[in-house]
Amino acid sequence: MPQTIPIEHGLMLAGILFCLGLIGVLTRRNIVFVLMSLEVMLNASGLAFIVAASRWGHADGQIMFLMILTLAAAEVAVGLGLIIQMYRRFHTTDINVLSQMKG
Amino acid sequence: MIILFYLAAAIAIISTVCMVLQNNIVHGLIYLILSLLAVAIVFFLLGAPFAAVLEAIVYAGAIMVLFLFVMMMLNMGQHSVDQERSWMGGRVFIAPAIMSGLLLAQFLNVLRDYEFELVPTEIGVMQVSSLLFGPYVLAVELASILLLAGLVSAYHLAKK
């Protein structure tokens, strides 16, 4: 049994997670689930960076992961603020309600 | 070690599928936390202990708890679960699943003739932080400004 992890399996895991997040973004109508699926997609891209960093033995990929982490944190803070405001105005988290923008 | 990798990968994929198919938001969040922790184990096995710890603390800890707090604040209850159930049907998933499946098939096809054995070399905190405060110090400053902007806008948006 090989003791090393094949790199393509790590990248496959990242791709599968990314596609699952994409399916979530495309199918869900609840904006909270859309935001959660976006988190999954960001996390999958971070995983790809970590796999690449491990392949080349450099720390640069981990730095990119840290940047993605920061971006995800800021995005979630703004997104949840928007969700709270939306729930106050429309009393729903259905994104179809927002399809008509009036001022 | 390789068995642990496949185990963690399977847990990550299964819990993400459960999250996408879930009707209850809080249950979906718990599945997402499970998926993130499994990915943290994968990070650890790939020789990135600092990223693994940050994934567990920041992603599974801070960001998901933020989600949970907001869900508790909105207090949507059983009504939203029933609404979700009425929105979710098998039909909804067909077109997006086909498109994403095609994308994934292309990606896997590209990866097929790409064979490298990965020998995980552990890249510790010291190497990462010496890069972080060396050549990447501008990126760190920009990240702090991004977080400040996120803080201010979240405060402004969530205000009554």
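Located above this text is the structure these notes cover.
Rules and cut-offs
- Residues numbered from 1 in each chain as written.
- Chains lettered and ligands numbered in written order.
- Predicted model: local features only at pLDDT ≥ 70, side-chain atom pairs only at ≥ 80, totals over all residues.
- Heavy atoms only, no water.
- Helix = DSSP H or I, 4+ residues; strand = E, 2+ residues; numbered from the N terminus.
- Rg over C-alpha atoms; globule rule 2.2 N^0.38 Å.
- Axes fitted to C-alpha atoms, helices over the stretch in contact; angles between N-to-C directions.
- Parallel < 35°, antiparallel > 145°, perpendicular 65-115°, else oblique.
- Contact = heavy atoms within 4.5 Å.
- Nonpolar A, V, L, I, M, F, W, Y, C, P; charged D, E, K, R; others polar.
- Salt bridge = Lys/Arg side-chain N within 4 Å of Asp/Glu carboxyl O.
- Buried < 20%, exposed > 50% of the residue type's maximum accessible area, 1.4 Å probe, protein only.

Chemist: When you look at the overall build of chain B in this model, what are you seeing that I'm missing?
Modeler: Across its full length, chain B holds seven helices and one strand. Listing every helix and strand of chain B by position from the N terminus yields α-α-α-α-α-β-α-α. Taking 15 Å as the expected radius of gyration for a compact globule of 160 residues, we find that chain B reaches 20 Å, considerably beyond that expectation. Each principal axis of the C-alpha atoms in chain B carries an extent, and together these give about 50 × 45 × 25 Å.

Chemist: Is there a simple way to think about the packing of helix α2 (residues 31-56) of chain A against helix α3 (residues 49-74) of chain B in this case?
Modeler: Two numbers describe a pair of packed helices, the interaxial angle and the distance between the axes. Packing of α2(A) against α3(B) leaves a shortest axis separation of 13 Å and a crossing angle of 175°. Taken together, the axes of α2(A) and α3(B) are roughly antiparallel relative to one another. Residues A:V32, A:L35, A:M36, A:E39, A:L42, A:N43 and A:I50 of α2(A) pack against B:A51, B:E55, B:Y59, B:I63, B:M64, B:F67 and B:M71 of α3(B). Its residues placed into classes, the contact of α2(A) with α3(B) shows eleven nonpolar, one polar and two charged.

Chemist: I'm lost on the pattern of salt bridges in this one. Help?
Modeler: Note on pairing: side chains with opposite charge can pair once their charged atoms come close. Residues and elements named next belong to chain A. Enumeration according to the criterion identifies one salt bridge over all chains in this entry. Two residues, D94 and R29, come together in a salt bridge whose shortest N-O distance is 2.8 Å. Pair noted here: D94 is in the segment after α3 (60-90) and R29 is in the loop between α1 (7-27) and α2, with a separation of 65 residues, a long-range link. According to the relative accessible area criterion, D94 is buried, its value standing at 7%.

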